[in-house]
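# Notes for the structure review
Now for the letters of each chain:
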Amino acid sequence: MAIRDEQNERIAATVITGFLGSGKTTLLNALLSHPGMGNTAVLINEFGEIGLDHLLVREISEDVVLLNSGCICCSVRGDLINGLRDLFLKRTRGEIAAFDRVIIETTGLADPAPILHTLMTDPLLINKFRLDSVVSTVDGIYGNKQLDDHAESVKQAAVADRILITKADLATGDDLETLEKRLHSLNPAAPRYRVHLGDIAPDKLFNAGLYNPETKSLDVQKWLRDEAYGDDRGAGHNHSDEHEHEHEHEHEHEHEHEHHHQHSHNVNRHDDHISSFCLTFDEPLHWDAFVTWAEIFTQMRGENLLRIKGVLNIAGEDKPVAIHAVQHIFHAPATLPAWPSDDHRSKLVFITRDLGPDVIRQSLLQLNAAAIETQGQNTPKSN
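Heads up: these notes are all about the structure in this document.

## What to know about a nonpolar patch on the surface
A cluster of nonpolar side chains, contributed by I141, Y142 and L170, occupies part of the molecular surface with about 310 Å² of accessible area. Structurally, the position occupied by I141 is in the loop between strand 5 (129-139) and helix 6 (143-149). Exposure remark for I141: the relative accessible area of 32% places this residue in the partly exposed category.

Next comes the structure, spelled out in structure tokens:
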């Protein structure tokens, strides 16, 4: 599905998130020392008054902008916009190297959603930058407790495109296995890697977006990864027994387990409220029905829609439409040049909180049926 479009030459943006002490800065330092990362600009946000993270990054790269106004999930949104705009203007004027990627590192206490919203909605940014991937670091030693005790930790993993389990060499086997299963339940489509001291090839983390700059094409299947959820027409996968991960030495392992772990009795388990599922629709959807559904659900249940990706078969259209949303914000829909395969069904991948597949499926089907009925009523009768 090769394409030629200036929009697809936008600068790739990667968001690195993860809870306090999970190794984001270690990962960033390791990435920036990689020979393939020379054309990378970085925006970081420090929590507290000591700028050690900033200094560490400064030793590796001079093209660093420090966002220094507190928690990135709140007051820093304006600084993020200004920082990215400033980077782009300096790049255009030749004041800094012509970077082809920007990495945004959040604080450990950050909700990544506002950052994604900014990249998806700011008028200038959406024309100059494209969200390529969200990378979440999870502490191999303390990750289970952090998932139990901190909703931010759960959300950081749930919205990620790639999950890195750090300090895995120091964690016990049982705790690590439990953590692996929980992360898979939270986010089945996100590849997981165990890393030591941030050592991972950059190509494992990047090019996770709809556009693949290496092939200059749209890679729908790699982006959507609906096969990770199975084809069960919408059953939740927060109890999936599919389980796979890749170690830092790239050995692949597959396991089949009951969804059971030693913390199952813990009432503080925030991830028990998360569901991951894929809805498949055989019949074409009417665009007006989908837009109405999206408006209703984002207004009423936006906080429960952590992330949505989908490819839609729209009634009356030959080409598929890709949609992407984070909570109450929908990215502008994109009409794709062609279907990636002979399968032309609409597929919507959801990661939700306290919101199951049935209510979503039924509400969308009801609106779609109403659109079909209305269309029929408006069709002139033949004599």
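## Thoughts on the pairing of strand 7 (residues 192-195)
Of the two faces of strand 7, both are covered, the one formed by R192 and R194 as well as the one formed by Y193 and V195. Direction of pairing for strand 6 (residues 162-166) relative to strand 7: parallel, over a ladder of four bridges. The partner of T166 across the bridge, within strand 7, is V195.

## Brief notes about the environment of G198
Positionally, G198 belongs in the loop between strand 7 and strand 8 (211-212). Separated by 175 residues in sequence, G198 and G23 have C-alpha atoms that sit 7.2 Å apart. Residues within four places of G198 in sequence aside, it is in contact with T26, L27 and A30.

## Let's talk about the environment of N187
Within the secondary structure, N187 sits in the loop between helix 8 (173-186) and strand 7. Take N187: its relative accessible area is 3%, and that puts it in the buried class. Taking the C-alpha atoms as reference points, N187 and I351, 164 residues apart in sequence, are found 7.3 Å from one another. In this structure, N187 is in contact with A157, A158, V159, A160, I163, Y229, S276 and I351, ignoring residues within four places of it in sequence.

## Let's talk about empty space enclosed by the protein
With the rule as written, the count across this model stands at two cavities of 30 Å³ or more. Quantified by volume, the largest cavity comes out at close to 170 Å³. Lining the largest cavity are 18 residues, and of these A160, D161, N187, A189 and K309 sit closest to its centre. Every element with two or more residues in the lining of the largest cavity is listed here: helix 9 (220-224), strand 13 (305-312) and strand 17 (346-353).

## Concerning the nonpolar core
Core analysis: the largest hydrophobic core is formed by 57 residues, its most contacted members being L84, V102, F129 and L183. Setting aside anything within four residues of it in sequence, one finds L84 in contact with L43, V102, I104, L119, L125 and F129. If you look at the next biggest cluster of nonpolar residues, it comprises 20 residues, including L285, F290, V321 and F350.

## A closer look at unusual backbone geometry
Here the phi dihedral of K167 falls at roughly 60 degrees; this positive angle occurs in a residue that is not glycine. Mapped onto the elements, K167 comes out in the loop between strand 6 and helix 8. The backbone phi angle of Q327 is positive, close to 55 degrees, even though this residue is not glycine. Relative to the elements of secondary structure, Q327 occurs in the loop between strand 14 (321-326) and strand 15 (329-330).

## Notes on the pattern of salt bridges
Summed over all chains, the structure comprises 17 salt bridges. Across the salt bridge formed by D122 and R85, the nearest N and O atoms sit 3.2 Å from each other. Of this pair, D122 sits in the loop between helix 4 (113-121) and helix 5 (125-128) while R85 sits in helix 3 (residues 77-93); the two residues are 37 residues apart in sequence, bridging distant segments of the chain. Notably, a salt bridge pairs K167 with D139, separated by 2.8 Å at the nearest N-O pair. In this pair, K167 is assigned in the loop between strand 6 and helix 8 and D139 in strand 5, connecting sequence segments 28 residues apart. Under the relative-accessibility criterion, K167 is labelled partly exposed at 29%. Look at the salt bridges and you will find they share partners, linking D226, D343, R345 and K347 into a network.

How each quantity is defined
- Residues numbered from 1 in each chain as written.
- Predicted model: local features only at pLDDT ≥ 70, side-chain atom pairs only at ≥ 80, totals over all residues.
- Heavy atoms only, no water.
- Patch = residues over 30% accessible without salt bridge, like charges linked within 9 Å, V, L, I, M, F, W, Y side chains within 5 Å.
- Areas by Shrake-Rupley, 256 points an atom, 1.4 Å probe, with all protein chains shown as cover.
- Salt bridge = Lys/Arg side-chain N within 4 Å of Asp/Glu carboxyl O.
- Helix = DSSP H or I, 4+ residues; strand = E, 2+ residues; numbered from the N terminus.
- Buried < 20%, exposed > 50% of the residue type's maximum accessible area, 1.4 Å probe, protein only.
- Pairing = 2+ DSSP bridges.
- Contact = heavy atoms within 4.5 Å.
- 1 Å grid on protein atoms, 1.4 Å probe; cavity = no way out; pocket = protein on both sides within 12 Å on 5 of 7 lines; lining within 4 Å.
- Points joined across faces, edges and corners; volume = space filled by probe spheres on them.
- Core = buried A, V, L, I, M, F, W, Y, C linked by side-chain atoms within 4.5 Å.

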